[in-house]
Amino acid sequence: LESDDNAVILDVRTDAEFEEGYIPGAVQIDIYNGSEFLQRAKQLDTQKNYYLYCRSGARSGQACMLLNSVGVKNAYNLKGGIMEWKGQLTN
């Protein structure tokens, strides 16, 4: 992730979770808001590499599949989610 110049970090958690702290530079798209999530997913640059996370890794795994279904091929689940993140967080 650190060495990927084409990386975009996506936080698929809720607004309340996002406000508790997030990975610096992350873009939030709440997977629980289904129609908005799909609408925004379709607008993503398919040439970028997307690294997705949630709290533990379950929702971000589902989000990766949804991104794949709309043509985003480079979607990666950060396993363990923000709970396993060893880096800095922003509030």
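Refer to the preceding data block for the structure.
Let me begin by describing the structure that accompanies this report. Here the structure is a predicted model, which means the values were calculated and not measured.

Details of the environment of I9
Inspection of the secondary structure puts I9 in strand 1 (residues 7–11). For the pair I9 and Y53, spaced 44 residues apart in the sequence, the C-alpha separation amounts to 7.9 Å. When sequence neighbours within four positions are dropped, the list of residues in contact with I9 reads L1, I23, P24, G25, A26, V27, Y51 and Y53.

Topic: the pattern of salt bridges
This structure, assessed with the given rule, holds three salt bridges. The closest approach of N and O atoms between R13 and D11, which form a salt bridge, is 2.7 Å. For R59, the salt bridge identified is with E17, shortest N-O distance 2.9 Å. Taken together, the residues span a long stretch of sequence, with R59 in helix 3 (residues 58–69) and E17 in helix 1 (residues 15–20) at a distance of 42 residues. Owing to a relative accessible area of 10%, R59 belongs among the buried residues under this scheme. Its relative accessible area of 17% is what places E17 among the buried residues.

Things to note about a nonpolar patch on the surface
A contiguous nonpolar patch, built from L1, W85 and L89 and spanning about 240 Å² of accessible area, is present on the exposed surface. Structurally, L89 can be placed in the segment after strand 4 (75–77).

A closer look at the sheet that holds strand 4
In spatial order, the strands read 2-1-3-4; together these four strands make up an open sheet with parallel pairing. Looking at the sheet topology across the chains shown, the edges are occupied by strand 2 (27–28) and strand 4. As defined by bridge partners, strand 1 adjoins strand 2 across two bridges and the pair is classed as parallel. Note that in strand 2 the partner of D11 across the bridge is Q28. Against the sheet, helix 3 makes contact with strand 1, strand 3 (49–53) and strand 4, and its axis sits at roughly 170° relative to strand 4, the strand it touches most.

Quick word on the pairing of strand 3
In terms of burial, strand 3 is largely enclosed, as five of its five residues are buried. Side chains N49, Y51 and Y53 of strand 3 all project onto a buried face; the interleaved residues Y50 and L52 project onto the opposite face, where all are buried too. In this structure, strand 1 lies alongside strand 3, joined through five bridges in parallel fashion. Its bridge partner being in strand 3, V8 is matched across the sheet by Y50. Sheet topology places strand 3 next to strand 4; three bridges connect them, and they run parallel. The residue of strand 4 that forms the bridge with Y51 is Y76. Handedness of the strand 3-helix 3-strand 4 crossover: right-handed.

Rules of the game
- Residues numbered from 1 in each chain as written.
- Predicted model: local features only at pLDDT ≥ 70, side-chain atom pairs only at ≥ 80, totals over all residues.
- Heavy atoms only, no water.
- Helix = DSSP H or I, 4+ residues; strand = E, 2+ residues; numbered from the N terminus.
- Contact = heavy atoms within 4.5 Å.
- Salt bridge = Lys/Arg side-chain N within 4 Å of Asp/Glu carboxyl O.
- Buried < 20%, exposed > 50% of the residue type's maximum accessible area, 1.4 Å probe, protein only.
- Patch = residues over 30% accessible without salt bridge, like charges linked within 9 Å, V, L, I, M, F, W, Y side chains within 5 Å.
- Areas by Shrake-Rupley, 256 points an atom, 1.4 Å probe, with all protein chains shown as cover.
- Pairing = 2+ DSSP bridges.
- Axes fitted to C-alpha atoms, helices over the stretch in contact; angles between N-to-C directions.
- Right-handed = clockwise from strand over helix to strand, strands pointing away.

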